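Tertiary structure, described
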Amino acid sequence: MDLYTEGDPIADTKAPDGPIETRWERRRFEAKLVNPANRRKLTVIVVGTGLAGGSAAATLAEQGYRVRSYCYQDSPRRAHSIAAQGGINAAKNYRNDGDSVHRLFYDTVKGGDFRSRESNVHRLAEVSVNIIDQCVAQGVPFAREYGGLLDTRSFGGAQVQRTFYARGQTGQQLLLGAYQALERQIGLGNVEMNTRHEMLELIIVDGRARGIVVRDMVTGEITCEFADAVVLASGGYGNVFYLSTNAKGCNVTATWRAHRKGAYFANPCYTQIHPTCIPVSGDHQSKLTLMSESLRNDGRVWVPKAKGDARSPKDIGEDERDYYLERIYPSFGNLVPRDIASRAAKNVCDEGRGVGQSGLGVYLDFADAINRLGRKAIEAKYGNLFEMYERITGEDPYEVPMRIYPAVHYTMGGLWVDYDLQSSIPGLFVIGEANFSDHGANRLGASALMQGLADGYFVLPNTVAHYLASHPLEKVDATHPAAVRARADVEDRIQRLLAVDGDRTVDSFHRELGQIMWEHCGMERSEAGLRKAIDEIRALREQFWQRVKVPGSGEGLNQSLEKAGRVADFFELAELMCVDALHREESCGGHFRAEHQTPEGEAERDDERFAYVAAWEFTATGEPAVLHKEDLNFEYVHPTQRSYK
Ligand SMILES: Cc1cc2nc3c(=O)[nH]c(=O)nc-3n(C[C@H](O)[C@H](O)[C@H](O)COP(=O)(O)OP(=O)(O)OC[C@H]3O[C@@H](n4cnc5c(N)ncnc54)[C@H](O)[C@@H]3O)c2cc1C
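Residues numbered from 1 in each chain as written. Predicted model: local features only at pLDDT ≥ 70, side-chain atom pairs only at ≥ 80, totals over all residues. Heavy atoms only, no water.

1. Concerning the sheet that holds strand β12 (residues 265–266)
For clarity, the cut-off: The pairing criterion is simple: DSSP has to find at least two bridges between the two strands. Secondary structure counts use DSSP, requiring at least four H or I residues in a row for a helix and at least two E residues in a row for a strand, with both numbered from the N terminus. By the convention used here, residues are in contact when the closest approach between their heavy atoms is within 4.5 Å. Note on definitions: angles span 0 to 180 degrees between N-to-C directions of axes, and those axes are lines fitted to C-alpha atoms, for helices only across the stretch in contact.
Ordered in space as β1-β21-β20-β12-β18, the 5 strands form an open sheet in which the pairing is mixed. Sheet topology places β1 (4–6) and β18 (414–415) at the edges, where each strand pairs with a single neighbour. Sheet topology note: the β1/strand β21 (residues 625–631) ladder contains 3 bridges and is parallel. In the strand pairing of β21, T5 is matched with V626. Here helix α16 (residues 559–583) sits on the sheet and contacts β1, β12, β20 (612–617) and β21; the angle it forms with β20, its principal contact strand, is near 145°.

Take a look at the structure:
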């Protein structure tokens with residue numbers, strides 16, 4: 001059977017044309033408005049309370065809409081966004097080092113290896129400057145310089161210092177800002193907050209998204225909830241690999257359920273492998289820890305020149321070290337983008353020059369920076385990250401270099417959305433990491449927070465208004481046949497999971513799935529490996545439905561049941577990721593196909609054949625997905641072989 005079929009091409013019909021600097025302004029002006037008195041009659045469901053969902057819910061409520069907000073944590077402020085460490089980009093040019101909206105736009109299109117839309121990225125760069133003002137007004141304590149001005153630092157893929165930060169806790173501080181704005185609206189009665197509720201299905205009425213089916217994770221109660229529009233801000237799916245830097249709860253269920261109901265899933269194979277994570281230390285691990293990219297501002301990456309050199313780093317002299325990023329990429333040095341740094345680390349380890357017991361590690365060394373700036377200065381910038389490293393590894397990074405290795409971190413793929421952030425299902429909007437929109441095949445560091453907040457504070461509130469103003473909708477309730485069916489599907493699935501009553505834990509399946517994905521759909525992919533992975537995933541999925549053991553019932557708190565539902569969705573997503581990676585016969589950004597590389601081992605794109613977004617349509621379980629191509633056109637940044645040399 002074919003792995004996929006090809007359908008009609010698609011286009012982003014909402015994207016305005018004309019000079020790129022005017023497009024967002026024009027779209028905003030041309031968008032319909034809702035009269036303030038009518039807004040309170042309209043309801044929007046927002047699934048997710050991270051930076052994207054939290055900012056969207058707070059802003060929509062501030063505008064006067066009625067918002068119903070959902071998350072599976074016990075508090076909106078526990079969303080995974082809280083883990084973000086290093087910073088958030090903005091084209092403020094406070095340093096006067098040559099930054100501009102155009103440069104951020106250029107860096108991002110190039111950084112994404114020319115696989116993103118120019119219009120979207122330009123809008124992101126424009127809006128980036130408003131985000132910082134908004135967050136400062138909320139009281140977000142960004143780091144400041146001695147004179148009181150906001151401080152910035154460098155992140156990969158840029159030669160300017162445009163990354164605003166709050167020590168190593170930028171996500172936490174930004175989320176507290178969004179959370180306070182959200183809480184204010186909860187207090188005013190404009191947002192109904194539903195914590196510990198998991199969306200398990202989308203309700204579509206007359207072709208439009210009108211609601212969701214949720215399970216109360218404490219009581220087990222399943223209900224249908226309705227609105228005039230639904231926004232998914234449910235985050236990324238890196239946990240399909242089991243081991244990743246994501247919070248353990250991160251999953252694909254909300255977007256996958258929407259995909260099964262007709263929302264196209266775009267570029268699922270684009271995964272970001274972050275170069276600076278604490279290496280895997282054994283089979284016992286269920287999660288990996290990121291060491292922020294900001295550390296590459298001052299840390300120097302190296303391995304011994306000689307293979308198998310097991311001496312302590314202190315005993316390896318300067319002339320015996322290979323600062324390979326500085327050597328291969330002298331212009332960007334240690335601050336090359338993540339895809340490039342990760343592959344370089346893999347290459348030196350494959351050559352037998354990796355460090356640590358497993359040989360899967362490289363050094364990130366702060367000795368020079370400590371000598372130059374003093375320990376106090378390093379402590380002030382990165383203290384909490386150093387402490388975290390020491391607690392996990394038992395090694396003091398002020399004294400010995402950190403050991404780092406690439407790990408799964410972020411997913412550039414997600415539900416396909418148009419310029420208005422609307423999916424292929426009318427009335428279903430998708431924001432933040434859950435959509436595919438702005439980063440192409442590789443995300444530059446500190447751009448996820450920027451995108452999540454751009455979507456939530458500035459883009460979505462305009463585009464949802466246009467949708468709501470254009471479509472007066474009938475009232476629906478739980479007796480509508482579409483709702484009855486959606487709810488029955490959820491109940492049936494829960495019963496099926498409980499009924500298997502097999503002999504293997506959910507986690508054991510998840511771990512095995514993750515191993516298949518890491519080996520064949522991770523840092524390097526090949527046709528043979530991907531075909532093997534698809535067969536293995538299918539076989540393991542079959543076993544899952546015959547042997548999984550989900551203890552307890554659906555009547556109350558049951559974490560095994562929650563996990564089982566998520567892993568069942570990961571199985572389906574994993575297969576689509578491999579099909580997407582297999583069909584994309586080129587290398588671009590984080591998608592590195594062994595068959596397509598330059599003589600120097602860099603990613604080799606094929607713009608003639610693959611300069612498109614791959615938007616996948618679900619057909620039926622076990623049936624091949626349908627590929628719709630959206631052509632990418634570049635008017636402002638001419639696609640070239642990316643070079644950071
Ligand atoms: C360790 C780490 C450090 C990072 N550091 C940075 C950084 O310095 N700079 C940067 O730009 N990016 C960074 N990132 C990336 C960035 O943090 C994320 O991409 C971003 O926070 C995602 O935000 P989000 O709002 O889209 O989703 P999330 O913050 O993941 O929020 C998802 C929300 O959806 C809810 N949800 C999901 N599914 C369901 C469901 N089925 N039902 C109900 N609710 C649901 C969850 O409860 C949660 O509230 C980092 C990522 C990691 C892992």
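Let's pick the thread back up.
2. Concerning the sheet that holds strand β5 (residues 152–153)
Strand order in the open sheet formed by 3 strands is β4-β6-β5, and the pairing between neighbours is antiparallel. Across the chains shown, the open sheet's two edge strands, defined by having one partner strand only, are β4 (88–89) and β5. The pairing of β4 with strand β6 (residues 163–164) spans 2 bridges and is classified as antiparallel. Paired with I88 across the two strands is F164, which belongs to β6.

3. Some details on the packing of helix α5 (residues 118–138) against helix α12 (residues 448–470)
Rule in force here: Roughly parallel covers angles under 35 degrees, roughly antiparallel covers those over 145, roughly perpendicular covers 65 to 115, and oblique covers all other angles. Note on residue classes: Ala, Val, Leu, Ile, Met, Phe, Trp, Tyr, Cys and Pro are nonpolar, Asp, Glu, Lys and Arg are charged, and everything else, Gly too, is polar.
Orientation of α5 relative to α12, taken along the N-to-C sense of each, is 80°, at an axis distance of 9 Å. Looking at the two axes, α5 sits roughly perpendicular to α12. Side by side, α5 and α12 meet where R123, L124, V127, S128, N130, I131, Q134, C135 and Q138 of the first sit next to M450, Q451, L453, A454, Y457, F458 and V459 of the second. Taken together, the residues of the contact of α5 with α12 sort by class into 10 nonpolar, 5 polar and 1 charged.

4. Things to note about the site of the ligand
We apply this condition: Put simply, a residue is near a molecule or strand once any heavy atom of it comes within 4 Å of that molecule or strand. Throughout this description, a polar contact denotes any pair of N or O atoms lying within 3.5 Å of each other; where both atoms belong to protein, one of them has to be capable of donating a hydrogen while the other can accept it, and for residues adjacent in sequence the pair is counted only when both atoms sit in side chains.
In the neighbourhood of the ligand, 37 residues make up the surrounding shell, with Q73, S81, G86, M199 and E433 lying closest. Backbone polar atom of G86 to an oxygen atom of the ligand: 2.7 Å apart, as the coordinates give it. At 3.4 Å from an oxygen atom of the ligand is found a main-chain nitrogen or oxygen belonging to S447. Listing elements by their share of the shell around the ligand, those giving two or more residues are α3 (51–63), β8 (197–205), β17 (402–411) and α12. Among the residues forming the shell around the ligand, the class breakdown is 17 nonpolar, 17 polar and 3 charged.

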